[in-house]
Every structure is written in structure tokens, then in C-alpha cells.
Amino acid sequence: MAQAVHTLDLNFQNRHDAIAAFLIPYSGGAVLVETGPGSTIEGLKAGLVAHGMTASNVTHVLLSHIHLDHAGAAGWLAQQGAEVYVHPVGAPHMINPEKLIASATRIYQDRMHTLWGDFLAVPEDRLHIPEDGETITIADLEFVAYFTPGHAEHHIAYGLGDLVFSGDVGGVRMPGCDYVRLPLVPPELHLGKWQASLELLLEKGFKRIAPTHFSIYDDAEKHIENGLKAVTSTEKWLEEIMPSEPTNEELGKKFAAWMYEQAKTNGVSEHDLKTYEIANPLHMSATGMARYWKKFRQKNKT
Ligand SMILES: [Zn+2]
């Protein structure tokens, strides 16, 4: 029998379908994959209550990566007693989040707290660092940690039977849509690594895929292939655009226009498009792509 996995809608910015946490009940309580940000703890509590639980039932938290919308409430859950799993590169920032908070504050400024809430530290003795390919056994549940860089260096996708929790490396997809959009963010964006990570997940033959933005889909293979197509077309688009050396502002505008066109071609409604943008704000993408181009493509022309 397939393991029950519940999608909790954290209602980020009063928007359905933007940020999920996934709840997996088992004999000893529950595992949570992703926590959402500190600003949606009330939404998380409500989601747990809807399944007859409270935060104290959550024994283990598996984080795909340390971005605020995925890991912001991990410290709070650790305070309630949860053990937290994170990539080795992300671990120091969970123990001492000061630098992470400072750099996010530079980006979000006075909107920082409203958007993301508090990011509490995870005590070192509650933090676990899996190896690439390691099986994490929790009672009768077996998760496999796959290191999957591209969106961020510190990214893990977790397999559970035929389901993969794809974090952000599996892209952003709204319920009812086929369209997979890549969250292209600085500072570690690397399209080559992203492609390799998606190829790895494709090779594993998962049937279902659970992107944090948003929900669980039964067509993992097609979803991942759509993600791979997005990687290739973004690379190609950059090859066309970047030689003219656009400013970040020009690049951002061109990219937003291109993304809008893609969404329309894929039949995304205006309402869903707004949710795609809340889950993946495009204003970060220009910086992410410009940095990737300068760091990896201009220097290593192949
Ligand atoms: Zn992210």
C-alpha cells in the first residue's frame, strides 16, 4: 500500500497553492518534508490540526534546501522536538542563521519580516546531515537523499517509494497546469548542474513528483522532461540575449516578457500566473542569470 502523503497548503500571503509542506504520518508521529517560512507557522499549525496533529507530533523534518520559503520554520519545529535533516553546505546556516538573515534582509528590506517571519536557529544536536544517496530510515519509512544542485548548491531531493519530493530543482508547477517554471535565483544558479540533477531524478524512474511549489503529480516523468526542456530553452535564450550585454534591468524586462509568453503558450490562466509569480518572483531571476553567465559561461566557453 502506498504511504499516505498529505500536502499542507501554508497559505503564503493569503494565496492558495504557493508554498507547501508535506506531511507523512507514521507509527511514531509524523515526518514533515519542508516547513515553509516562519511567517506561515499559523498555516502550518492549521494544516497539522486538520490531520489530527500538532507540531509536537512532528518527529523529523527533511529540508530540500535552506531558502526561507522552504526551511524558515525548521528552528521553530526543532524547539517543539523535531530532528532536522539538511545538506552539509546548508547546515552551518541552520545552526547560525545570522548571515542568511542579513543577506535576505538586504534583498527584502522592510518587507523581510512580513514576508518571511522569524528564522530561528536549529540546535546542532538536532541537526542531521545525510550523505548523497543515503537512506534515512524512520520506523518503516525509507527516504533516499539525492544531492541535486542547480537551483542551489545545498539542495536535496528526497525519494520515498515511487514519489520524489523535488524541492525547487523540479521547478514550480500549479495544480491543473502542465507548465513547469524554473526558479532561477542567485547566487548559485547553474543550469548545467540543474540538467544533471533532473537527469538523475528521471533515471530513478519515479512515478510521482511533489514540488514544494506546489502539490503532488502522477506524471513524474513528463514533469521532469518539461523541467529539462525549460533548462535547455533558458540556456538557449541566454545565448541569444547575453552577447548584447543587457543591463540587469533590460535582462529582467526581456525575461519577464519571455516568461509571460511561455505561460500563455502553455495555457496558464491569469490567476495561476499570479501564483507562479508569488511562488517564484521573477525580479530575482535577472540577477541569478547574469551571475551564472558571468561566472560559468563567459569564463568557460566550450
Ligand atoms: Zn529555493
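Residues numbered from 1 in each chain as written. Predicted model: local features only at pLDDT ≥ 70, side-chain atom pairs only at ≥ 80, totals over all residues. Heavy atoms only, no water.

Novice: Describe the overall build of the chain, and please don't skip the residues or the numbers.
Specialist: Helices and strands together make up the secondary structure of the chain, namely 11 helices and 11 strands. Relative to a compact globule of 302 residues, whose C-alpha radius of gyration would be 19 Å, the chain shows 18 Å and is just as compact. In terms of overall dimensions, the chain has C-alpha extents of about 55 × 40 × 40 Å along its principal axes. The proportion of buried residues among the 302 residues of the chain is 55%. Relative to all contacts within the chain whose residues are 6 or more apart in sequence, the contacts with residues 24 or more apart total 68%. (Helix = DSSP H or I, 4+ residues; strand = E, 2+ residues; numbered from the N terminus. Rg over C-alpha atoms; globule rule 2.2 N^0.38 Å. Buried < 20%, exposed > 50% of the residue type's maximum accessible area, 1.4 Å probe, protein only. Contact = heavy atoms within 4.5 Å.)

Novice: Just give me the short version of the domain arrangement of the chain, but keep the residues and values in it.
Specialist: Under the domain assignment, the chain is made up of domain 1 (6–227) and domain 2 (231–297). Summarising the inter-unit geometry, the C-alpha centres of domain 1 and domain 2 are found 23 Å apart. Each side of the interface is counted separately: domain 1 has 31 residues, and domain 2 has 31 residues. For the pair domain 1 and domain 2, the summed buried area comes to about 2,600 Å², and 68% of that belongs to carbon and sulfur atoms. It is Arg15, Tyr179 and Arg181 in domain 1 that bury the most area against domain 2; as a group they hold 28% of the surface buried on that side. On inspection of domain 1 and its partner domain 2, the count reaches 1 salt bridge. For the interface between domain 1 and domain 2, the tally reads 9 residue pairs in polar contact (both at pLDDT 80 or more). Elements with a minimum of two residues in the side of domain 1 that touches domain 2: helix H5 (98–108) and helix H7 (191–203). Looking at the side of domain 1 that touches domain 2, the element that brings in the most residues is H7, giving 5 residues. When the residues that make up the side of domain 1 that touches domain 2 are grouped by side-chain class, the tally is 19 nonpolar, 7 polar and 5 charged. (Domains from an automatic or database assignment. Buried area = accessible area lost by both parts, 1.4 Å probe. Salt bridge = Lys/Arg side-chain N within 4 Å of Asp/Glu carboxyl O. Polar contact = N/O pair within 3.5 Å; in protein donor to acceptor, adjacent residues only side chain to side chain. Nonpolar A, V, L, I, M, F, W, Y, C, P; charged D, E, K, R; others polar.)

Novice: An account of the coordination of the zinc ion is needed here, citing residue identities and associated values.
Specialist: Within the first shell, the zinc ion binds the protein through His65 (NE2), His67 (ND1), His151 (NE2) and Asp168 (OD), at distances of 2.1 to 2.3 Å. Coordination at the zinc ion is irregular: its 4 donor atoms span angles of 84 to 177° at the metal. In terms of primary sequence, the donors binding the zinc ion are separated according to H-x1-H-x83-H-x16-D. Placement of His65 in the loop between strand E4 (58–62) and helix H2 (68–71) and of His151 in the loop between strand E8 (141–147) and strand E9 (156–160) is noted, with a sequence separation of 86 residues between them. In this structure, His65 and His151 share a single accessibility class: buried. (Donors = N, O, S within 2.8 Å, 3.2 Å for Na, K, Ca; no water. Tetrahedral: all angles 85-135°; square planar, octahedral: opposite > 155°, others 65-115°.)

Novice: With reference to specific residues and values, describe the pattern of salt bridges.
Specialist: Taken as a whole, this structure holds 12 salt bridges when the rule is applied. Each of Arg173, Asp178, Asp219 and Lys222 takes part in a single network of salt bridges with overlapping partners.

Novice: Help me get a handle on the nonpolar core, residues and values and all.
Specialist: Grouped together as the largest cluster of nonpolar side chains are 64 residues, with contacts concentrated most on Ile24, Phe143, Tyr158, Phe165 and Trp194. The dominant element in this core, judged by the number of residues it contributes, is helix H8 (residues 220–241), at 8 residues. Residue assignment places this core across two domains, with domain 1 (6–227) and domain 2 (231–297) each supplying three or more. Sequence-distant contacts of Trp194, that is, excluding residues within four places in its chain, are made with Pro149, Gly150, His151, Asp168, Val169, Leu182, Pro183, Leu184, Leu189 and Val231. (Core = buried A, V, L, I, M, F, W, Y, C linked by side-chain atoms within 4.5 Å.)

Novice: Which residues make up the pairing of strand E7 (residues 135–138), and what values do they have?
Specialist: Going residue by residue along E7, you find Ile136 and Ile138 tucked away on one face and Thr135 and Thr137 left uncovered on the opposite face. In terms of strand pairing, E7 meets E8 through 4 bridges, oriented antiparallel. The residue bridging Thr137 from the neighbouring strand is Glu142, located in E8. With antiparallel pairing between neighbouring strands as the criterion, E7 and E8 make up a hairpin whose turn holds 2 residues, including Ala139 at a positive phi of roughly 50°. (Pairing = 2+ DSSP bridges.)

Novice: Requested: an account of the packing of aromatic side chains, with residues and values cited.
Specialist: Considering all chains together, one arrives at 9 aromatic pairs under this definition. Measuring from ring centre to ring centre gives 5.3 Å for Phe12 and Trp116, while their planes differ by 15°; the resulting arrangement is stacked. Residue Phe12 is found in the loop between strand E1 (6–9) and strand E2 (20–26), and its partner Trp116 is found in helix H6 (residues 112–116); the two are separated by 104 residues along the sequence. In this structure Phe12 comes out as buried when scored by relative accessible area, which is 2%. Aromatic rings pair up to connect Phe12, Tyr108 and Trp116 into one cluster. (Phe/Tyr/Trp six-rings, centres within 6.5 Å; stacked < 30°, edge-to-face > 60°.)

Novice: Run through the packing of H8 against helix H9 (residues 248–265), naming residues and quoting values.
Specialist: Closest axis-to-axis distance for the H8/H9 pair is 12 Å, and the angle between their directions is 140°. By the angle between their axes, H8 is oblique relative to H9. Helix-helix and strand crossings are classified by hand; for H8 and H9 the assignment is right-handed. Across the interface between the two elements, Ser233, Thr234, Trp237 and Ile241 of H8 pack against Leu251, Lys254, Phe255 and Trp258 of H9. By residue class, the composition of the contact of H8 with H9 is 5 nonpolar, 2 polar and 1 charged. (Axes fitted to C-alpha atoms, helices over the stretch in contact; angles between N-to-C directions. Parallel < 35°, antiparallel > 145°, perpendicular 65-115°, else oblique. Left-handed = near helix turned anticlockwise from the far one by under 90°.)

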